[in-house]
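This is what each chain is made of:
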Amino acid sequence: MFTPIARRFAIAISISWLIVTIAAAQTTDSRDEDDEPPEYLPGLIAQYETADSRAQRIDRDILFDWSHYPVDSRLEPGGDFSASWQGALQVKANGIFQLRLFVCGKVSVMLAGKPILDTQTDQPEWKDCESIELRFGKHDLKITFAASTQPARLGLYWSGPGFQLEPISASYLFHA
């Protein structure tokens, strides 16, 4: 019924279709294995509290001036509040780093399991954390803050190997 050339052509088409089908199935299977959720996501886990309410969210950076803006729309407005942030600081080079905060309120900072600042001020001012040597990678970071006077402010900055003082951007803050 088929000529020898037509038969070879039909066999070649069938084999090609089979190879493409198998390759597509293997690609789909390997993609499923690689589609695991990432271990870390951008931002720090933030907890805000007042005497009557609580709120949790992800903050991509720590640069706040609460003198003109509410802490969180889910909290009772005005008055004292406290906040905490937990996650990890990603460093991309080995070396000595120093965190610096612009703060009005009570703040403490732990980095890589070590307390590096615990201070309070009633006027906005710069506070230097203890310098710390860090290796490439992610390091646990915990910040606690309590506002007792107005205007409450908190800004997180750093300097390190190869760069001067700058805000810690969202590309360096992560949470599990």
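Anyway, here's the lowdown on the structure attached to this text. (Residues numbered from 1 in each chain as written. Predicted model: local features only at pLDDT ≥ 70, side-chain atom pairs only at ≥ 80, totals over all residues. Heavy atoms only, no water.)

## Comments concerning the overall build of the protein chain
Scanning the protein chain from N- to C-terminus turns up 1 helix and 12 strands. Going from the N terminus to the C terminus, the protein chain shows its helices and strands as α-β-β-β-β-β-β-β-β-β-β-β-β. The 176 residues of the protein chain split such that 34% are buried. As displayed, the protein chain offers around 11000 Å² of accessible surface, 54% of which is attributable to carbon and sulfur atoms. (Helix = DSSP H or I, 4+ residues; strand = E, 2+ residues; numbered from the N terminus. Buried < 20%, exposed > 50% of the residue type's maximum accessible area, 1.4 Å probe, protein only. Areas by Shrake-Rupley, 256 points an atom, 1.4 Å probe, with all protein chains shown as cover.)

## Some thoughts on the environment of F136
Among the secondary structure elements, F136 is positioned in the loop between β8 (132-134) and β9 (137-147). Residues F136 and V91, 45 residues apart in the sequence, show an inter-C-alpha distance of 5.3 Å. What F136 contacts, discounting residues up to four positions off in sequence, is Q90, V91, K92, A93 and N94. (Contact = heavy atoms within 4.5 Å.)

## Comments concerning the pattern of salt bridges
In the structure shown here, the tally under the stated rule is 9 salt bridges. We note a salt bridge from D72 to R57, for which the minimum N-O separation is 3.0 Å. You can see D72 sitting in the loop between β4 (63-65) and β5 (81-91) and its partner R57 sitting in strand β3 (residues 54-59), a full 15 residues away along the chain. Counted as one network, the salt bridges with shared partners bring together R57, D59, D72 and R74. (Salt bridge = Lys/Arg side-chain N within 4 Å of Asp/Glu carboxyl O.)

## Some thoughts on unusual backbone geometry
Despite not being glycine, A112 shows a phi value in the positive range, around 55°. Mapping A112 onto the fold places it in the loop between β6 (95-111) and β7 (114-128). Take A112: its relative accessible area is 40%, and that puts it in the partly exposed class.

## Some remarks on the pairing of strand β2 (residues 44-49)
For a regular strand, side-chain orientation follows a simple rule: the groups alternate between the two sheet faces. Taking every second residue as pointing to the same face, the buried face of β2 carries L44, A46 and Y48, while none of I45, Q47 and E49 on the other face is buried. Alignment of β2 against β3, held across 6 bridges, turns out to be antiparallel. Across the sheet, the residue bridging to E49 is R54, located in β3. Sheet analysis places β2 next to β5, joined by 5 bridges and oriented antiparallel. Residue pairing across strands places E49 opposite S82, the latter belonging to β5. (Pairing = 2+ DSSP bridges.)

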